[in-house]
Amino acid sequence: MEFNKEFDASGLSCPLPIVKTKKALVDMTSGQVLRVISTDPGSVCDMAAFAEQTGNPLLEQGTEGGKYVFFIKKA
């Protein structure tokens, strides 16, 4: 999937991946896609909840090389 910006939260534990994802989205424009990489297993549930609560759609999630990868569209 194409994305406009990438944020690597590898090594960060909850709640930092969400906090830093929120900050990464601030300077993006509506419709742009952020790719987030995380090693925290809790981020799977957290990213889904974050997307629902903020209205920034979670377009796709999966794993890549033992890490969790998320694509979030800026609302």
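In short, a report on the structure. (Residues numbered from 1 in each chain as written. Predicted model: local features only at pLDDT ≥ 70, side-chain atom pairs only at ≥ 80, totals over all residues. Heavy atoms only, no water.)

1. Side note on the nonpolar core
Counting residues in hydrophobic clusters, the biggest one holds 12 residues: Phe-7, Ala-9, Ile-18, Ala-24, Leu-25, Met-28, Leu-34, Val-36, Met-47, Phe-50, Phe-70 and Ile-72. Broken down by secondary-structure element, the contributors of at least two residues to this core are helix H1 (16-26), strand E2 (33-38), helix H2 (43-54) and strand E4 (67-73). Looking at this core element by element, the count peaks at 3 residues for H1. When near neighbours in sequence (up to four residues on either side) are disregarded, Ala-24 contacts Lys-5, Phe-7 and Leu-34. (Core = buried A, V, L, I, M, F, W, Y, C linked by side-chain atoms within 4.5 Å. Buried < 20%, exposed > 50% of the residue type's maximum accessible area, 1.4 Å probe, protein only. Helix = DSSP H or I, 4+ residues; strand = E, 2+ residues; numbered from the N terminus. Contact = heavy atoms within 4.5 Å.)

2. A short note on the pattern of salt bridges
This model, assessed by the stated rule, comprises 3 salt bridges. Its salt-bridge partner being Lys-5, residue Asp-27 comes within 2.7 Å of it at the nearest N-O pair. On the criterion of sequence distance, the pair formed by Asp-27 in the loop between H1 and E2 and Lys-5 in strand E1 (residues 5-8) is long-range, its members being 22 residues apart. A residue is classified by how much of its surface remains accessible, and Lys-5, at 27% relative accessible area, is partly exposed. (Salt bridge = Lys/Arg side-chain N within 4 Å of Asp/Glu carboxyl O.)

On their own, these measurements won't tell you what the molecule is for.
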